[in-house]
2 protein chains.
Amino acid sequence: MPLPTSVKLFEMAPRDGLQNEPGGIVPTGTKIALIERLAKAGMTHIEAASFVSPKWVPQMGDAAEVMSGIKRQPGVVYSALTPNLKGLENALETGVDEVAVFGAASEAFSQKNINCSIAESLARFEPVLERAREVGIRVRGYVSCVLGCPYEGEIAPGKVAEVAKALYDMGCYEISLGDTIGVGTPMAARRMIEATRQQVPVEFLAAHFHDTYGMALANLYAVMEEGISVIDAATAGLGGCPYAKGASGNVATEDVLYLLEGLGIETGIDLQAVIDTGYWITGQLGRKPSSKVALAKGRASS
Amino acid sequence: MPLPTSVKLFEMAPRDGLQNEPGGIVPTGTKIALIERLAKAGMTHIEAASFVSPKWVPQMGDAAEVMSGIKRQPGVVYSALTPNLKGLENALETGVDEVAVFGAASEAFSQKNINCSIAESLARFEPVLERAREVGIRVRGYVSCVLGCPYEGEIAPGKVAEVAKALYDMGCYEISLGDTIGVGTPMAARRMIEATRQQVPVEFLAAHFHDTYGMALANLYAVMEEGISVIDAATAGLGGCPYAKGASGNVATEDVLYLLEGLGIETGIDLQAVIDTGYWITGQLGRKPSSKVALAKGRASS
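Source: prediction; values computed, not measured.

Residue and element names in this part refer to chain B. Strand order around the closed barrel formed by 8 strands is β1-β2-β3-β4-β5-β6-β7-β8, with parallel pairing between neighbours. In this sheet, adjacent strand axes meet at a mean angle of 30° when their direction is disregarded. Across 2 bridges, strand β7 (residues 205-209) lies against strand β8 (residues 230-233) in parallel orientation. Bridge pairing in β8 links H208 to D232.

Listed below in structure tokens is the structure:
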């Protein structure tokens, strides 16, 4: 299959990134500034917050303030994670553009991460999807552990396909397939996409790969050869990996953009502006970007 | 083209790695211990030293002591870089198994790096190849800047093919194609191999990719799809990049091994032993391994 001519990039730094930063809770103003900088760099899809109980994820306790505080850019979709109806209602009050639900392809991970079985989690999403439909908001579906689980090990591609199909049938407009612990390699990633696209048209699938083992870019290249044209990434590689201390989480947006530019694939995003944003936010966190492209190119001289 | 079923890995840490470490000159005993640990981990090809004038590369000033000091393992090829006849004679005195010459696909890089044109460098290699033939020693040929040059920018695939063919015709048994500054992306890497394998059979070509921009594994996956089955890598990603301060150089052996294992490709090398060696040598240098796999897996608990 030929590589896509353009790719839609879904930016994860404000949510999946900051939620997992070991440095603790980032001030609301910093989160808002980050989101505004990302939009200015050309991002069209930004996951801005998570409307989950602050008891579970204190880092996202200011989700409403963040969503309400952003100076919105026209043409930019600001989305939020809404694990249940309560989260959705709270998100709707802030004028969220789009929401997301978060499932798993691993029973053990589902139990440990969201305290219910996969089937129970899908049932819990039903009213979220229904209410979102009523108010005309699109819902994105995440499937975690698609290339491996910290508790179960390998995950069968057919299981990923099954959960993706359930989310698709339920009305999710896009299914983001997450290699949560970053253990996948290219052939496994291809096989997972091959199995899933038999159940869900490939244009509705996104790749959400973590770079914990340095495999994310090789895997992204491989799945683009399978027709994937939506990619999740986090500026500066924000967000560590809770399952491997000191290791990386989300693939860095800068590295993905460099790969795509080299392949002649359009994104509409300004790489240097993203690099500079990555240096800025990691400066706030007291560290350097986890992006080799950022380190090699450096920030723009002013 | 199907992926190879096995890959020959050529270990670069003792030479290309330590030569470019910013921390200064590593003690001879440490170099020898590194080489012996790598052989014990299952490496069959180790570039151990460079017989170049210490005026140019002081880090390799103890090449003779290193080569003579190694306790050799049967079945392991210990090679050395020999830029000229004098270097070769010095290397032969230490009982080197194999030597290598180092050319470039970029005129500007050739001038700045070895102070002569590409044609002059090839002429300089002739007596090295001739003498090596006399004594029955194999010669490996390096071509640098195959995917970009710090002075010229882009390099035409045809130029790489031309230099590779010259080295092959001269008698080099293997031509290692180096993305010296790590700027390449997968399609460019494929096109470069496509052009080169029209001049030199692909089984005589090796990929020597640097991870400066994080692209090395994606590029390796792409060129394996073009038939490449010999890969150069350095344990712990040893060796920085002289053209981008603070950035990475050689792709880490650990990351390459993890990729190959995931693809079901044999190498005969013990990944955990390489990870442990990487932690040990970077401990000597006062830093951590530049390998995401090493950071994610950690050293073996003893």
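To continue, consider helix α10 (residues 253-262) of chain B. Think of an α-helix as turning once every 3.6 residues; residues three or four places apart then point the same way. Residues and elements named next belong to chain B. Burial analysis of α10 places 8 of its 10 residues in the buried class, the great majority of the element. All of the buried residues in α10 are T253, E254, D255, V256, L257, Y258, L259 and L260. G264 sits one or two positions beyond α10 and adopts a positive phi of about 75°.

Right, let's talk about the interface of chain A and chain B for a bit. On the side of chain B, 31 residues touch chain A, which itself brings 31 residues to the contact. Both faces combined, the contact of chain A with chain B buries some 2500 Å², and carbon together with sulfur accounts for 65% of it. The largest contributions to the chain A side of the interface with chain B come from Y213, Y258 and K292 of chain A, which together make up 25% of the buried area. Summed over the shared surface of chain A and chain B, the result is 4 salt bridges. Ionic pairing is found between K292 of chain B and D211 of chain A, a salt bridge with its closest N-O pair at 2.8 Å. Our enumeration of links across chain A and chain B arrives at 12 residue pairs in polar contact (both at pLDDT 80 or more). At the level of secondary structure, the elements contributing two or more residues to the side of chain A that touches chain B comprise α8 (186-196), α9 (216-224), α10 (253-262) and α12 (292-297) of chain A. A total of 5 residues in the side of chain A that touches chain B trace back to one element, the largest contributor, which is α12 of chain A. In terms of residue class, the side of chain A that touches chain B is built from 18 nonpolar, 6 polar and 7 charged.

A few words on the relation of the copies chain A and chain B. Mapping between the two chain copies consists of a rotation about an axis together with a translation along that axis. Between chain A and chain B, which share one sequence, the superposing operator has a rotation angle of 180° and an axial displacement of 0.0 Å; the RMSD is 0.0 Å. The two molecules are tied by a two-fold rotation axis, judged by turn and shift. Using C-alpha coordinates, one finds that chain A approaches the rotation axis most closely at A218 of chain A, a distance of 1.9 Å. Both copies share a contact surface, since 100% of the interface residues of chain A are interface residues in chain B too.

As a further point, take the packing of α8 of chain A against α9 of chain A. Residue and element names in this part refer to chain A. Two numbers describe how α8 lies on α9: the axes approach to 8 Å, and their chain directions differ by 40°. The angle between α8 and α9 falls in the class oblique. Both α8 and α9 take part in a crossing whose hand is right-handed. Across from P186, A189, R190 and I193 in α8, the residues of α9 making contact are A218, N219, A222 and V223.

Attention shifts here to unusual backbone geometry. Its identity is not glycine, yet C145 of chain A carries a phi of approximately 60°, on the positive side. Positive phi values are uncommon outside glycine, yet N115 of chain B reaches one of about 60°. Within the fold, N115 of chain B resides in the loop between α5 (107-114) and α6 (118-135). Accessibility expressed as a relative area gives 51% for N115 of chain B, which makes it exposed.

The next subject is the side chain of S121 of chain A. Residues and elements named next belong to chain A. By the element assignment, S121 lies in helix α6 (residues 118-135). The exposure class of S121 is buried, given its relative accessible area of 1%. Setting aside residues no more than four positions away along its own chain, S121 makes contact with S110, I114 and C116.

Turning to the UniProt feature "domain: Pyruvate carboxyltransferase" (unreviewed entry) in chain A, a few remarks are in order. Here the UniProt feature "domain: Pyruvate carboxyltransferase" (unreviewed entry) sits at residues 7-275 of chain A. Secondary structure across residues 7-275 of chain A divides into 41% helix and 16% strand, with the first and last C-alpha atoms of the span separated by 19 Å.

Right, let's get into α6 of chain B. Residue and element names in this part refer to chain B. The end-to-end C-alpha distance of α6 is 26 Å, a good match for the 26 Å that 18 residues give at a rise of 1.5 Å each. The complete set of buried residues in α6 reads I118, S121, L122, F125, V128, L129 and A132. Those residues of α6 that are buried lie in contact with α4 (85-93), β4 (98-104), α5, β5 (138-144) and α7 (157-170). G136, located one to two residues past α6, shows a positive phi value of around 75°.

Let us look at the environment of L285 of chain B. All names here are of chain B. In this fold, L285 is placed in the loop between α11 (271-284) and α12 (292-297). Put simply, L285 and E130 are 155 residues apart on the chain and 39 Å apart in space, counted from C-alpha to C-alpha. Those residues in contact with L285 that sit more than four places away from it in its chain are L18, E21, V26 and L238.

Calculation rules
- Counting restarts for each chain, with residues numbered from 1 along the sequence as it is written.
- Labels follow written order: the first chain is A, the first ligand is 1, and so on.
- Residue-level local features of this predicted model are given only where pLDDT is at least 70; pairs of side-chain atoms are given and counted only at 80 or more, and the full residue set underlies all totals for whole chains, interfaces and linings.
- Side-chain metrics in this entry use all non-hydrogen atoms of the structure; hydrogen atoms and water are not considered.
- Here a strand pair is declared whenever DSSP counts at least two bridges between the two strands.
- Counting from the N terminus, the helices are the DSSP runs of H or I reaching at least four residues and the strands are the DSSP runs of E reaching at least two.
- A fitted line through C-alpha atoms serves as each axis, taken over the contacting stretch for helices, and the angle formed by two N-to-C directions is quoted from 0 to 180°.
- Partly exposed residues are those whose accessible area sits between 20% and 50% of the maximum for their type, while under 20% is buried and over 50% is exposed, using a 1.4 Å probe and protein chains only.
- Contacts are assigned to residue pairs with any non-hydrogen atoms lying within 4.5 Å of each other.
- Buried area is calculated as the accessible area (1.4 Å probe) missing from two parts once they are joined, with the contributions of both summed.
- Salt bridges are defined as contacts in which a side-chain nitrogen from Lys or Arg sits within 4 Å of a carboxyl oxygen from Asp or Glu.
- We define a polar contact as two N or O atoms separated by no more than 3.5 Å, with the added condition that, inside protein, one atom must be a possible hydrogen donor and the other a possible acceptor, whereas residues neighbouring each other in sequence contribute only through side-chain atom pairs.
- Gly counts as polar in this scheme, as do all residues outside two lists: the nonpolar Ala, Val, Leu, Ile, Met, Phe, Trp, Tyr, Cys and Pro, and the charged Asp, Glu, Lys and Arg.
- C-alpha atoms of residues with pLDDT of at least 70 in both copies form the basis for the least-squares superposition of the copies.
- Geometric relationships in this document are graded by angle, where less than 35 degrees denotes roughly parallel, more than 145 denotes roughly antiparallel, 65 to 115 denotes roughly perpendicular, and other angles denote oblique.
- Each crossing gets its hand from how the near helix is turned against the far one by less than a right angle, where anticlockwise is left-handed and clockwise is right-handed.
- UniProt positions are given in the numbering used here, feature names are shortened, and annotations may be inferred rather than shown by experiment.
- Helices are assigned an expected span. That span is 1.5 Å times one less than the residue count.

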